[in-house]
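# Understanding the architecture of this molecule
If you want the building blocks of each chain, they are given just below.
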Number of protein chains: 2
Amino acid sequence: MKAEIINPFLEATLSVLKTMASLEPIPGKAYLKNGSSATGDVTGIVGFTGETEGSLCISFSRACILMIVTRMFGEEVKEVNDEVKDAVGELTNVISGDSRRRLEEIGHHFTGAVPSVISGPGHEVKHITRGPILSIPFSTKAGAFTVEVCFK
Amino acid sequence: MKAEIINPFLEATLSVLKTMASLEPIPGKAYLKNGSSATGDVTGIVGFTGETEGSLCISFSRACILMIVTRMFGEEVKEVNDEVKDAVGELTNVISGDSRRRLEEIGHHFTGAVPSVISGPGHEVKHITRGPILSIPFSTKAGAFTVEVCFK
């Protein structure tokens, strides 16, 4: 996969978290996965269609998303409640939209579907595709999260 | 929501499970949800775009999906392993495709994204939309599953 496809997702994630949560997570090395699955406690997921079909997911550990939402809301959030799930949905929507805007600038056109938020300790997300699955790990002081993008 | 939009999803689910698993689940009454979430042990989820955006998810209890996959494979399956997750991905893909084909026949055009399969006991799926969320419950001798469709 070309770097020109990876960078919009990486840059959108950094830009949106900086804007919405004043957070600067440290990106690890992006890599292509072969079949294994993302795990997390809260995951935002949104499909997209266009020149090809795909899906974007962002999986957070519990501690990590509580820290992020605490920063977004400006008050301490201690449990994964409905407001936290809605915030993950909003982050997913905005990161998906910002990624697509950046892809558009380099000539790739996609439309986003409606996001869903999955919650449940240690759930696993498996992408059903024979195409490439790109994984970008991020670390924060409160734990890790992962952005995954798969294509058909 | 008009019945003409509900029926393609209902009919596709019944048709695909009959063809792929020789199963005739009993559909309950479809209803419009206001905010609550689907729960399940294994969930297939796929976004779609077109005249509007949306998402389709199918959430199975563990016992129900093990029974369905046992019927699909023709041999007893006792745990939610990778083959079960792939089978849920395939069911989601085929039900999504068959629903879209039926919608196409009545003039509604949608394109499907890449499906994902979520696994983890009692996880919850929340649709991030202000639009309608349609829920169709199904029962089988081995337990329940739910088809949900949301629109933007």
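Residues numbered from 1 in each chain as written. Chains lettered and ligands numbered in written order. Predicted model: local features only at pLDDT ≥ 70, side-chain atom pairs only at ≥ 80, totals over all residues. Heavy atoms only, no water.

## Some remarks on unusual backbone geometry
All names here are of chain A. With a phi close to 50°, S22 is a non-glycine residue in the positive phi region. Summarising the element assignment, S22 is placed in the loop between α1 (3-21) and β1 (26-27). Residue classification places S22 among the exposed residues on the basis of a relative accessible area of 54%. (Helix = DSSP H or I, 4+ residues; strand = E, 2+ residues; numbered from the N terminus. Buried < 20%, exposed > 50% of the residue type's maximum accessible area, 1.4 Å probe, protein only.)

## Some points on the relation of the copies chain A and chain B
Superposition of the two copies of the chain requires a rotation about an axis and a shift along the axis. Here chain A sits on chain B after a turn of 180° about the axis and a move of 0.0 Å along it, with an RMSD of 0.0 Å. The transformation just described matches what one would write down for a two-fold rotation axis. Minimal C-alpha distance to the rotation axis in chain A is attained by G47(A), lying at 2.3 Å. (Least-squares fit on C-alpha atoms with pLDDT ≥ 70 in both.)

## Some details on the state of the cysteines
Among covalent bonds in proteins, the disulfide is the one between the sulfur atoms of two cysteines. Residue and element names in this part refer to chain A. Applying the stated rule across the entire model yields zero disulfides over all chains. For C57, which is in no disulfide, the shortest distance to another cysteine sulfur is to C150 and amounts to 7.9 Å. We classify C57 as buried; its relative accessible area is 0%. (Disulfide = S-S within 2.5 Å.)

## Here's the deal with the packing of α1(A) against helix α3 (residues 82-105) of chain A
Two quantities define a packed helix pair, namely the angle between the axes and the distance from one axis to the other. Residue and element names in this part refer to chain A. One way to put it is that α1 packs onto α3 with a least axis distance of 8 Å and a crossing angle of 135°. Classified by the angle between their axes, α1 and α3 sit oblique to one another. When the axes of α1 and α3 are compared, the crossing they make is right-handed. On α3, the residues that touch E4, I5, P8, F9, E11, A12, T13, S15, V16, L17 and M20 of α1 are E90, L91, V94, I95, D98, S99, R102 and L103. (Axes fitted to C-alpha atoms, helices over the stretch in contact; angles between N-to-C directions. Parallel < 35°, antiparallel > 145°, perpendicular 65-115°, else oblique. Left-handed = near helix turned anticlockwise from the far one by under 90°. Contact = heavy atoms within 4.5 Å.)

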